[in-house]
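Commentary on secondary and tertiary structure
Each chain, letter by letter, is given below.
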Amino acid sequence: MKNPQRITTVRTEEVGDGLGVHELQTGKTYALNATTALVWRHCDGKTTSQQLTELLRSRLDLSQPQAEGMLRLALDELGESHLLQAGEALPAGPSRRELLKTLAAAGLSLALIP
């Protein structure tokens with residue numbers, strides 16, 4: 001899965017707790033509420049949705065389900081206003097099965113050393 005990344009062709013201005021975003025190529029202006037602005041600022045193409053949920057949960061003192069719902073709404077709003085682009089795909093780590101095989105092989109190797 002690719003993680004969201006904010007577009008770079010914008011000019012921003014603090015507006016109360018939110019953020020005013022002026023898209024330079026299209027000339028459109030968007031007013032983002034505080035939650036959406038917080039999410040948008042942290043969309044760097046490498047931050048995962050789990051990390052964004054944790055950010056909202058800790059900053060806004062929300063429960064996990066509330067934070068997930070707020071993140072979904074913020075990403076929907078950003079997607080509809082075209083303020084996001086496809087981010088970088090995170091490198092896939094080893095699967096659980098491959099990791100267990102490797103650990104088992106390493107354990108067997110250590111057992112045979114004496």
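Note that the structure is predicted; figures quoted are calculated from it, not measured. (Residues numbered from 1 in each chain as written. Predicted model: local features only at pLDDT ≥ 70, side-chain atom pairs only at ≥ 80, totals over all residues. Heavy atoms only, no water.)

**What to know about the packing of aromatic side chains**
Taken as a whole and judged by the stated rule, the model has zero aromatic pairs. Positioned above the aromatic ring of tryptophan 40, the side-chain terminus of arginine 6 is 5.9 Å from the ring centre. (Phe/Tyr/Trp six-rings, centres within 6.5 Å; stacked < 30°, edge-to-face > 60°. Lys NZ or Arg CZ within 6 Å of the ring centre and 35° of its normal.)

**Some thoughts on the pairing of strand S4 (residues 29-32)**
The alternating pattern of S4 places Tyr30 and Leu32 on a buried face and Thr29 and Ala31 on a face that is not buried. Where strand S3 (residues 18-23) and S4 come together, four bridges link them in antiparallel fashion. Bridge pairing links glycine 20 to alanine 31 in S4. The hairpin formed by S3 and S4 contains five residues between the paired strands, and glycine 27 there has a positive phi angle of roughly 80°. (Buried < 20%, exposed > 50% of the residue type's maximum accessible area, 1.4 Å probe, protein only. Helix = DSSP H or I, 4+ residues; strand = E, 2+ residues; numbered from the N terminus. Pairing = 2+ DSSP bridges.)

**Notes on the sheet that holds strand S2 (residues 10-15)**
Spatially, the three strands line up as an open sheet ordered S2-S3-S4, and their pairing is antiparallel. Either end of the sheet is taken by a strand with one partner, and the two such strands are S2 and S4. Neighbour-to-neighbour, the strand axes of this sheet turn through a mean angle of 20°, independent of strand direction. Together, S2, S3 and S4 form the strand contacts of helix H1 (residues 34-41), whose direction differs from that of S3 by roughly 60°. (Axes fitted to C-alpha atoms, helices over the stretch in contact; angles between N-to-C directions. Contact = heavy atoms within 4.5 Å.)

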